[in-house]
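Residue-level structure breakdown
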Amino acid sequence: VYVPQWIMEVLKIKEGDDCHVCSIKPPPQGTFCKIRPHDFRFTDMLAKLGPKYILESCFRSYSVLRENSTIVISQGSIRYWLDIVETRPKKSISITGSTDLEVEFCPAINAAEEKRIQETKSV
C-alpha cells in the first residue's frame, strides 16, 4: 500500500514499517469541528485568504476527521499542522459530499509567541 509521507508522519511510521489496514463502517456526516492550529501563522493566512476557501480546499484531501488527531494541510510550499479537538455528532465524522460543517478555532499552540511578536511591533 502506498502511504503519503504526511500520513506516515501523523501515524509515526517509517518507510518499511509494517502496518495493518482495515475497512470500517462509515462515520456519520459531520456537523461541527473544533480545530487548534499548531502555528499562529495559519490563522493569519485564514484572515488573508478567507476561511471558507482555505478549509474547503484543504478538506478535499480528507474524507474523515477524528477527535484527538492531527491533520496536515499545505498552502503553497508551507505545511500547517492542525489538531482536531472536537467533532460532532460523533468522535469520527465524515466530511465527504455536501457537508455543512460548522468550524470553530482554538488559539494556536504557539499563540504566546504571536502575542510576544505583536507586543514587540507595537513598542
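This text goes with the structure placed above it.
Residues numbered from 1 in each chain as written. Predicted model: local features only at pLDDT ≥ 70, side-chain atom pairs only at ≥ 80, totals over all residues. Heavy atoms only, no water.

Topic: the state of the cysteines
A complete count under the given rule lists 0 disulfides for this structure. Here Cys 106 is not disulfide-linked; the sulfur of Cys 33 is the nearest cysteine sulfur, at 9.6 Å. In this structure Cys 106 comes out as buried when scored by relative accessible area, which is 16%. (Disulfide = S-S within 2.5 Å. Buried < 20%, exposed > 50% of the residue type's maximum accessible area, 1.4 Å probe, protein only.)

Observations regarding the pairing of strand E3 (residues 69-75)
Pairing of E3 with strand E4 (residues 78-88) involves 7 bridges; the strand directions are antiparallel. In the sheet register, Thr 70 faces E4, and the bridge partner there is Asp 83. (Pairing = 2+ DSSP bridges. Helix = DSSP H or I, 4+ residues; strand = E, 2+ residues; numbered from the N terminus.)

Brief notes about the packing of aromatic side chains
This model, assessed by the stated rule, comprises 2 aromatic pairs. On the basis of an interplanar angle of 65° and a centroid distance of 5.4 Å, the ring pair of Phe 42 and Tyr 80 is categorised as edge-to-face. Remark: Tyr 80 occurs in strand E4 and Phe 42 occurs in helix H2 (residues 40-49); sequence separation between them is 38 residues. Note on accessibility: Phe 42 and Tyr 80 belong to one class, buried. An angle of 50° between the planes, with centres 6.2 Å apart, marks the rings of Phe 42 and Phe 105 as tilted. Remark: Phe 105 occurs in strand E6 (residues 102-105) and Phe 42 occurs in helix H2; sequence separation between them is 63 residues. On the accessibility criterion, Phe 105 (28% relative accessible area) is partly exposed. Among the aromatic side chains, those forming a connected cluster through ring pairs are Phe 42, Tyr 80 and Phe 105. Above the plane of the ring of Phe 32 lies Arg 88, whose end atom (NZ or CZ) is 3.9 Å from the centre. (Phe/Tyr/Trp six-rings, centres within 6.5 Å; stacked < 30°, edge-to-face > 60°. Lys NZ or Arg CZ within 6 Å of the ring centre and 35° of its normal.)

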